Amino acid sequence: MSDRYTPQELMVAVAAREIADGELVFVGMRLPVLAYGVARSTHAPNARALFELGLLRDQPAEAFLGTMGDPPNVARALWATRMSNVMALLAQGAADLGFIGGAEVDRFGNLNTSYIGPPPRPRVKLPGSGGGADIAILARRWVTLMNHEKRRLVERVSYVTSPGHGDGTAGWRTRHGLLGGGPAAIVTTLAVFRFPPGGGEAELATVHPGHTVEEVKAETGWPVKVSSVCRETAPPTAGELAQIRRLDPGGFWTGGPG
Amino acid sequence: MREAVSRFVPDGSTIAMGTCLEPAIPFAAGHELIRQGRRDLTLVGPISDALFDQLIGAGCVARVIAAWVGNVSEGLGHCYRRAAELGQPRAIEIRDHSNFSISLALWAAAWNAPFLPTRTLLGSDIPSSNPDLVVDDGWVRVLPVKPDVAILHVQRADASGRAHAWGPLGITEEAGLAADRVILCCEELVDAEVTLSDPNRILLPETKVVAVVHEPGGTHPAPLQGFWKRDHAAHREYAQSSRTAEGFERWLREWVLDTPDRASYLKRIDPALRITRHAFSAPVDYGDE
């Protein structure tokens, strides 16, 4: 097994470590599907996965997934049902952790996946919320994954599809009636940001091997607050890489050798 | 299919489609809508894979009420972008939802309720750009969305409109119950004794169903549990072709306008996409005395 890995493979490994054993995870799409599979096969054998189209699983699918609705993700499911039943669990606060992809994120963890520019005639129309807003508001905590680019990590998003910690003031989510605890981390191709418990501003927690704090600052659209315990991100272990490459043969999602 | 679409889906209809999210998308029905030149449609759906993008690109759509429109494995919907950003081939009105809120909007219509209250979308800007979502006293009121017609693709149905569907159902039940009428497309047309042997699995009341269309392979490139794998390559090809308006026009001509029906379309599809490894469930006992 090569000890070289792609940025996406590292993101998957980092995301997998966010999943604690026994947790109910609202998985979503793309890299988080791999992250759930890695966690389940390594440190979190009792983690269960919920998929919004109406599925509950306790093991990763046995074949490559292009979407959560591919037949291998339905085979050996624990529950195949309607979306509103899955949303019932989310609305009760039963989902410990959710994953959301984002086009833009700001320093308070608010995500935009809807409009760049004014909604009536946007400069870029992005696909929309999907289940992102639901996870952001209702899951107990959530993590977002995205490419680290200055145009994506912006001072304030122009449109909040999926609310994070709002304006960053303490208790913003509680005051606005949001059920869950909000974003716990932003995982990028360069680094990991974490949010203080109770909300507020993202702090740079770890920088991926081969990158520097200065580089992260230069590629981030807000003045980066560096945690006093900021360190290097632990690279993927051989075990994590083996699982990632088993789940993504050909490297469709991670660009890895698969 | 031709007759079902021509009789039951006039111009200006509000149509729920793609209600299972990524699987069981009635692509064949959507392509027939395009061939018949439908105009001013309102599309209703949750995460909506490439079918909505194709209908928008073909100029059939006036309004989209959905949680997500794009290409699930590839990302952006290029026709959706051109319509929203440039008004090409025509401007569209967009009413954004989340997956949860579009489900609630359809349940509200199904139950004939004025609205359903939820905490989802609190703190989001989505209600500010959709008049069907009203923030009031710490709740979001989701107003009903009522389709004229729901077009659904199921594994099997009988000629009287009793459908058996399995796998994740997404928002299919609320869409079917909320709609005035349902068009069923089915992989297998079966005798009533098959569907009636398992009434718990019957998807919707037959009273809603106005047409049953036997359309094998009607979901390609979307998958159908027990029958078809997802065609990832076709999704990639569509994403690349639709990047420009000209590329989309070429794609549309080749795969929709110059393809008379689904049977001819299927001749061009890789036969390896058919699922051959079956896994049947155990029968259940409806015994009585």
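Preceding this section is the structure that the text describes.
Scoring rules and cut-offs
- Residues numbered from 1 in each chain as written.
- Chains lettered and ligands numbered in written order.
- Predicted model: local features only at pLDDT ≥ 70, side-chain atom pairs only at ≥ 80, totals over all residues.
- Helix = DSSP H or I, 4+ residues; strand = E, 2+ residues; numbered from the N terminus.
- Rg over C-alpha atoms; globule rule 2.2 N^0.38 Å.
- Buried ≥ 20, exposed ≤ 12 C-beta atoms within 10 Å, placed from the backbone.
- Contact = placed C-beta atoms within 7 Å.
- Core = buried A, V, L, I, M, F, W, Y, C linked by C-beta atoms within 7 Å.
- Pairing = 2+ DSSP bridges.
- Axes fitted to C-alpha atoms, helices over the stretch in contact; angles between N-to-C directions.
- Nonpolar A, V, L, I, M, F, W, Y, C, P; charged D, E, K, R; others polar.

Engineer: I tried to follow the overall build of chain B on my own but got confused; where do I start?
Structural biologist: Looking only at helices and strands, chain B has ten helices and twelve strands in total. The C-alpha atoms of chain B give 19 Å as radius of gyration, which agrees with the globular expectation for 289 residues (19 Å, within 12%). If you line up chain B on its principal axes, its C-alpha atoms span 60 × 50 × 35 Å. Taking all 289 residues of chain B together, the buried fraction comes to 52%.

Engineer: Got a minute to help me understand the environment of A:G182 in this structure?
Structural biologist: All names here are of chain A. Mapped onto the fold, G182 is located in the loop between α6 (172-175) and β12 (183-188). You can call G182 buried: it has 26 C-beta atoms within 10 Å. Separated by 42 residues in sequence, G182 and R140 place their C-alpha atoms 6.9 Å apart. When residues no more than four places from it in sequence are discounted, the contact partners of G182 are G109, R141, G164, H165, R173 and G199.

Engineer: What is the right way to read the nonpolar core from this model?
Structural biologist: Side chains of nonpolar character tend, in soluble globular proteins, to be buried together. In terms of nonpolar packing, the biggest core is built from 160 residues, with A:V12, A:A15, A:A35, B:L43, B:L55, B:A66 and B:L184 touching the most fellow members. Looking at this core, the element that brings in the most residues is helix α5 (residues 99-110) of chain B, giving eight residues. In contact with B:L43, other than residues within four places in its own chain, are B:I15, B:M17, B:F52, B:L55, B:V61, B:V64 and B:A66.

Engineer: Any chance you could explain the environment of B:V149 here in plain terms?
Structural biologist: Residue and element names in this part refer to chain B. Position of V149 among the secondary structure elements: in strand β9 (residues 149-157). Assessed through the 25 C-beta atoms surrounding it within 10 Å, V149 is described here as buried. Separated by 33 residues in the primary sequence, V149 and L116 have C-alpha atoms spaced 22 Å apart.

Engineer: Hey, could you run me through the sheet that holds strand β7 (residues 133-136) of chain B in this one?
Structural biologist: Neighbouring strands of a sheet are bound in pairs by backbone hydrogen bonds; such pairs are parallel or else antiparallel. Residues and elements named next belong to chain B. The antiparallel open sheet is built from three strands, whose spatial order is β6-β8-β7. The outermost strands of the open sheet, each flanked by one partner alone, are β6 (116-118) and β7. Taking each pair of neighbouring strands and ignoring which way they run, the sheet shows an average axis angle of 30°. Direction of pairing for β7 relative to strand β8 (residues 139-142): antiparallel, over a ladder of four bridges. Residue pairing for β8: D136 is matched across the bridge by W139.

Engineer: Would you mind showing me how to read helix α8 (residues 238-247) of chain A here?
Structural biologist: Because an α-helix packs 3.6 residues into every turn, residues spaced three or four apart end up facing the same way. Among all positions of α8(A), only A:E240, A:L241, A:Q243, A:I244, A:R245 and A:L247 are buried. Residues of α8(A) that are buried sit in contact with α1 (7-17) and α2 (31-41) of chain A.

Engineer: How do you make sense of the interface of chain B and chain A when you look at a structure like this?
Structural biologist: On the chain A side, the residues contacting the 50 residues of chain B number 44 residues. Looking at the side of chain B that touches chain A, the elements that each hand over two or more residues are β2 (41-48), β3 (61-71), α4 (78-86), α5 and α6 (172-178) of chain B. Top contributing element to the side of chain B that touches chain A by residue count: β3(B), with five residues. Across the side of chain B that touches chain A, the residue classes break down as 25 nonpolar, 15 polar and ten charged.

Engineer: So what exactly am I meant to see when it comes to unusual backbone geometry here?
Structural biologist: Outside of glycine, negative phi angles account for most residues, and trans bonds account for most peptide bonds. Residue B:P89 follows B:Q88 across a cis peptide bond; omega there is 0°. Here B:P89 shows up in the loop between α4 and β5 (93-96). In this model, B:H220 is joined to B:P221 through a cis peptide bond whose omega is 10°. Take B:P221: it is sitting in the loop between β12 (209-214) and α8 (232-241). One non-glycine residue with positive phi stands out, namely A:R30, at about 60°. Looking at the secondary structure, you find A:R30 in the loop between β1 (24-26) and α2.

Keep in mind these numbers describe shape, not what the thing actually does.
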